[in-house]
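Structural features, examined
Okay, here's what each chain looks like letter by letter:
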Amino acid sequence: MLSKQFQCRDCGGLAGYRSRRRSFIEKYLLPVLLLRPVRCGDCFRRSYRPLFVPVRERNESDVTNQAAA
Ligand SMILES: [Zn+2]
């Protein structure tokens, strides 16, 4: 079932975060399919969601790591 809102299939959490595109498939194939990788904020499971599903920007912890480098 396609939902307009993110919900984790694993834990049912509603907090989805944008995830980095790690592989060739995620960089080039997912956009063609109008999908993107999304990480659950509760159990950190990654899944692919349609581009129109609203998700949050990445955690501040990720940004902090980059800024410290
Ligand atoms: Zn989850």
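Now for a description of the structure that goes with this document. As the structure is a prediction and not an experimental result, all values here were calculated from the model.

**Re a nonpolar patch on the surface**
- The grouping of Phe 24, Ile 25, Tyr 28, Leu 29, Val 32 and Leu 33 at the surface amounts to a nonpolar patch, some 670 Å² of accessible area in total.
- With respect to the helices and strands, Leu 29 occurs in helix H1 (residues 24-32).

**Remarks on the coordination of the zinc ion**
- The protein atoms that coordinate the zinc ion are Cys 8 (SG), Cys 11 (SG), Cys 40 (SG) and Cys 43 (SG), at distances spanning 2.3 Å.
- As a motif over one chain, the donors of the zinc ion read C-x2-C-x28-C-x2-C. One end of the pair, Cys 8, is in the segment before strand S1 (16-18); the other, Cys 40, is in strand S2 (residues 35-40), and 32 residues separate them in sequence.
- Classification of Cys 40 as buried rests on a relative accessible area of 0%.

**Observations regarding unusual backbone geometry**
- A positive phi angle is found at Leu 34, which is not glycine, with a value near 60 degrees.
- Among the structural elements, Leu 34 can be located in the loop between H1 and S2.

**Structural notes on the sheet that holds S1**
- Strand order in the open sheet formed by three strands is S1-S2-S3, and the pairing between neighbours is antiparallel. Across the chains shown, the open sheet's two edge strands, defined by having one partner strand only, are S1 and strand S3 (46-50). Between one strand axis and the next, the sheet turns through 50 degrees on average, direction left out of account.
- Most of the contacts of H1 go to S2, to which it runs at about 115 degrees, and overall it touches S2 and S3.

**Quick word on the packing of aromatic side chains**
- Evaluated as defined, the whole model comprises one aromatic pair.
- Centre to centre, the rings of Phe 24 and Tyr 28 are 4.9 Å apart; their planes meet at 45 degrees, and the pair counts as tilted. With a gap of four residues between them, Phe 24 and Tyr 28 both fall in helix H1, about one helical turn apart.
- Classification of Tyr 28 by relative accessible area gives exposed; the value is 52%.

Rules behind the numbers
Residues numbered from 1 in each chain as written. Predicted model: local features only at pLDDT ≥ 70, side-chain atom pairs only at ≥ 80, totals over all residues. Heavy atoms only, no water. Patch = residues over 30% accessible without salt bridge, like charges linked within 9 Å, V, L, I, M, F, W, Y side chains within 5 Å. Areas by Shrake-Rupley, 256 points an atom, 1.4 Å probe, with all protein chains shown as cover. Salt bridge = Lys/Arg side-chain N within 4 Å of Asp/Glu carboxyl O. Helix = DSSP H or I, 4+ residues; strand = E, 2+ residues; numbered from the N terminus. Donors = N, O, S within 2.8 Å, 3.2 Å for Na, K, Ca; no water. Buried < 20%, exposed > 50% of the residue type's maximum accessible area, 1.4 Å probe, protein only. Pairing = 2+ DSSP bridges. Axes fitted to C-alpha atoms, helices over the stretch in contact; angles between N-to-C directions. Contact = heavy atoms within 4.5 Å. Phe/Tyr/Trp six-rings, centres within 6.5 Å; stacked < 30°, edge-to-face > 60°.

Function-wise, these values are silent; they only describe arrangement.
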